[in-house]
Amino acid sequence: MTCTVIVGGFFGDEGKGKIVSYLAIKDNPKIAVRGGVGPNAGHTVVFRQKESKLRMLPSAVINEETKLMIGPGVLVDPNVFLKEVAEFNVKDRVTLDRQCSIIEGKHIEKDRLDAYLKGKIGTTGTGCGPANVERIMRTAKMGKDIPELSLYLGDVPLLVNEAISNGEVVHVEGTQGTYISLYHGTYPFVTTKDVTASAICSDVGIGPKVVDEVIIVFKAYVTRVGAGELPGELTEQEAERRGWLERATVTGRTRRSAPFNYELARRAVMLNSATQIAVTKFDILFPETKNIRNFSELTKESKKMIDVIEAQTKAPVSIISTGPDAEATIDRRRELGLLK
Ligand code: GTP
Ligand code: IMP
Ligand code: MG
């Protein structure tokens, strides 16, 4: 297990932040590198009672030995990036690729004021779409054009590939989720790039042959923010009654919710060539599982859901999250023979 890619299997917010932070502590990666769209992502990491929110830095930030990188396919908002570098005190271990496109004030303004983007699609208003338009028009500013970023610039694909060649552990963090992919999602209610595993690899400059494992993250129920179809959607009252009502990390909007969708899960495993599944918020569906760390301690009923997910997707559920803290995790990778 040298190179592992972690991606979202539903509509984003599956809890990738939690899974990635657990893996960062457990596997001690040399490098954690972020792919995905940009600061439209919001991840929550809880480690030893401290909660952190991240939009630009990899969620592996909690492991102080891990080098943090952002690949050239990721949009960078310099304000958000510099604020997080200061907040997490990671100046000496963070590298931004010289070719990252920059989000400027005009992109944020357009994203927030445009009637179609704001009114119909319900974007995060973080400027990502308009900035990607400029990248495609070949008029975008890049990391290397911004003096405030000069300290942090480097050749991320080279550093990542060298580490992989040397047999080091590398984690590649995806953001968003399969069904808000520009290509594979519920167009037009999607984000502005593909966000499946192949795209995440491209974002950081690695090819498919160096990837050892693709871990796809599913929440134990499905949530979605913004507009677009959500099969089996519950009313807000029902979501609240079940304890599924969540608020978005970046925008503060209420997340819509629906029961776990096996059909979507099966297709997401296919689209990402996922080799393993991580399930989060298991304790919300099965409160008696809260903070459990051993698979054998799970109740019969909750194990049944794991069996059904595996039967329906033909992929092993190797990680089960039973609470927000990085350590509230059941890790079956060894017993399933998935750790080299
Ligand atoms: P991604 O967008 O997929 O990275 O997910 P995320 O990390 O952004 O999730 P987000 O922070 O948007 O929302 C997930 C929330 O659920 C956060 O408050 C997490 O701390 C919390 N969470 C994650 N996993 C679990 C879990 O297994 N159980 C419980 N109770 N909470 C969890
Ligand atoms: P944009 O990516 O800001 O343009 O937003 C387009 C759509 O993707 C909207 O429905 C957003 O709510 C959704 N979206 C973008 N990023 C995320 C994310 O990280 N989690 C959940 N939804 C997201
Ligand atoms: Mg999120």
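First things first, this report covers the structure right here in the doc. (Residues numbered from 1 in each chain as written. Chains lettered and ligands numbered in written order. Predicted model: local features only at pLDDT ≥ 70, side-chain atom pairs only at ≥ 80, totals over all residues. Heavy atoms only, no water.)

1. Quick word on the pattern of salt bridges
Phase 1 of the analysis: Here the structure, examined in full by the defined rule, presents 20 salt bridges.
Phase 2 of the analysis: Note that Asp 13 is salt-bridged to Arg 255, the shortest N-O span being 3.2 Å. With a gap of 242 residues between them, Asp 13 in the loop between β1 (3-8) and α1 (16-27) and Arg 255 in strand β12 (residues 254-259) connect regions that are remote in the sequence.
Phase 3 of the analysis: Residue Asp 13 is classed as partly exposed on the basis of its relative accessible area of 23%.
Phase 4 of the analysis: The network of salt bridges with common partners includes Asp 13, Lys 219, Glu 246, Arg 255 and Lys 281. (Salt bridge = Lys/Arg side-chain N within 4 Å of Asp/Glu carboxyl O. Helix = DSSP H or I, 4+ residues; strand = E, 2+ residues; numbered from the N terminus. Buried < 20%, exposed > 50% of the residue type's maximum accessible area, 1.4 Å probe, protein only.)

2. Regarding the site of ligand 2
Phase 1 of the analysis: Lining the immediate environment of ligand 2, one finds 15 residues, of which Asp 13, Asn 40, Thr 124, Thr 191 and Arg 253 sit closest.
Phase 2 of the analysis: In this structure, an oxygen atom belonging to ligand 2 sits 3.3 Å away from a main-chain N or O atom of Val 225.
Phase 3 of the analysis: Starting from 470 Å² of accessible surface for ligand 2 in isolation, the protein chains cover 97%. (Near = heavy atom within 4 Å. Polar contact = N/O pair within 3.5 Å; in protein donor to acceptor, adjacent residues only side chain to side chain. Areas by Shrake-Rupley, 256 points an atom, 1.4 Å probe, with all protein chains shown as cover.)

3. A word on the coordination of the magnesium ion (ligand 3)
Phase 1 of the analysis: Ligation of the magnesium ion (ligand 3) by protein atoms is provided by Asp 13 (OD) and Gly 42 (O), these donors lying 2.0 to 2.2 Å from the ion. Taken together, the positions of Asp 13 in the loop between β1 and α1 and Gly 42 in the loop between β2 (31-34) and β3 (43-47) put the pair 29 residues apart, joining distant regions of the chain. (Donors = N, O, S within 2.8 Å, 3.2 Å for Na, K, Ca; no water.)

4. So, the site of ligand 1
Phase 1 of the analysis: In the region of ligand 1, 20 residues are neighbours, and Gly 42, His 43, Thr 44, Arg 255 and Ser 321 sit closest.
Phase 2 of the analysis: Taking Lys 16, its side chain carries an N or O atom lying 2.6 Å from an oxygen atom of ligand 1.
Phase 3 of the analysis: Listed by contribution, the elements that provide at least two residues to the shell around ligand 1 are α1, β3 and α10 (282-285).
Phase 4 of the analysis: Across the shell around ligand 1, the residue classes break down as three nonpolar, ten polar and seven charged. (Nonpolar A, V, L, I, M, F, W, Y, C, P; charged D, E, K, R; others polar.)

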